[in-house]
Amino acid sequence: MELESLAHFLREKSKNRYADPECVAKSIQKAARSSYRLAKCVEDSIDLLLGTSIESIRSITAQIKQLDKAIQKLLAGIPNTLQTIPGIGRSIVLVFSQRSVILADSRTKLRWLNMQAFHGENISLVLFKQKKPT
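For clarity, every value in this text was computed on a predicted model and none was experimentally measured.

### A closer look at the overall build of the protein
Phase 1: Looking only at helices and strands, the protein features 5 helices and 0 strands.
Phase 2: Reading the secondary structure of the protein in the N-to-C direction produces α-α-α-α-α.
Phase 3: Burial statistics for the protein: of 134 residues in total, 10% are counted as buried.
Phase 4: Residue pairs at least 24 apart in sequence account for 6% of intrachain contacts in the protein once pairs closer than 6 positions are excluded.
Phase 5: Entry remark: accessible area of the protein is about 11800 Å², with carbon and sulfur atoms responsible for 62%.

If you want it as structure tokens, here you go:
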């Protein structure tokens, strides 16, 4: 491939992110000239490994998309203002909201235990009678 066409290709595909695409094109051409062909048995192994890696990346990317959609659905039902803070995304908001639910639940249990103790019941018996969450 000619230097100008490779530089044009790099400019187009990178959306002008390279400061000097001609220099990058020269480096790519130099690397291509100095590389050597692999033996057929090694080439097949590397192709298999690269194919497996690409499939793993695609699978993980699909899982990330599914999780993002699930998080978005969960957050749609929770009123929050944390997402207005720069740098705080949906995942962080979900973690904070779940922590606050856990804290609120713990405070409710503590109040209930304090009320039981205030009424003179033995706390250890109260804890023993409590149903364990299933």
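Now, onward.
### Some details on a nonpolar patch on the surface
Phase 1: Where nonpolar side chains cluster on the molecular surface, the patch consists of Tyr36, Leu38, Val42, Ile46 and Leu50 and spans about 480 Å² of accessible area.
Phase 2: For Leu38, a relative accessible area of 39% puts it in the partly exposed group.

### What about the pattern of salt bridges?
Phase 1: The tally for this structure, following the rule as stated, stands at 3 salt bridges.
Phase 2: A salt bridge links Glu22 to Arg11, with the shortest nitrogen-to-oxygen separation between them at 2.5 Å. With Glu22 in helix H2 (residues 21-34) and Arg11 in helix H1 (residues 3-13), this residue pair connects regions lying 11 residues apart in the sequence.
Phase 3: Looking at Glu22, the relative accessible area reads 33%, which means it is partly exposed.
Phase 4: In this structure Arg11 comes out as partly exposed when scored by relative accessible area, which is 30%.
Phase 5: Between Glu55 and Arg58 there is a salt bridge; the shortest N-O distance is 3.1 Å.

### Let's talk about unusual backbone geometry
Most peptide bonds take the trans form, and the phi angle of most residues other than glycine is negative.
Phase 1: Positive phi is not limited to glycine here, since Lys15 has a value of about 55 degrees.
Phase 2: In this structure, Lys15 sits in the loop between H1 and H2.
Phase 3: According to the relative accessible area criterion, Lys15 is exposed, its value standing at 64%.
Phase 4: Positive phi, close to 60 degrees, is recorded for Asn16, a residue that is not glycine.
Phase 5: As for its position among the elements, Asn16 is in the loop between H1 and H2.

### Considering the packing of H1 against H2
Phase 1: Between H1 and H2, whose axes approach to 8 Å, the crossing angle comes to 115 degrees. Crossing of H1 over H2 shows right-handed handedness. Residue-level inspection shows Leu3, Leu6, Ala7, Leu10 and Arg11 of H1 in contact with H2, the latter providing Pro21, Glu22, Val24, Ala25, Lys26, Ile28 and Gln29.

The rules behind each value
Residues numbered from 1 in each chain as written. Predicted model: local features only at pLDDT ≥ 70, side-chain atom pairs only at ≥ 80, totals over all residues. Heavy atoms only, no water. Helix = DSSP H or I, 4+ residues; strand = E, 2+ residues; numbered from the N terminus. Buried < 20%, exposed > 50% of the residue type's maximum accessible area, 1.4 Å probe, protein only. Contact = heavy atoms within 4.5 Å. Areas by Shrake-Rupley, 256 points an atom, 1.4 Å probe, with all protein chains shown as cover. Patch = residues over 30% accessible without salt bridge, like charges linked within 9 Å, V, L, I, M, F, W, Y side chains within 5 Å. Salt bridge = Lys/Arg side-chain N within 4 Å of Asp/Glu carboxyl O. Axes fitted to C-alpha atoms, helices over the stretch in contact; angles between N-to-C directions. Left-handed = near helix turned anticlockwise from the far one by under 90°.

Any link to function would need more than the numbers given here.
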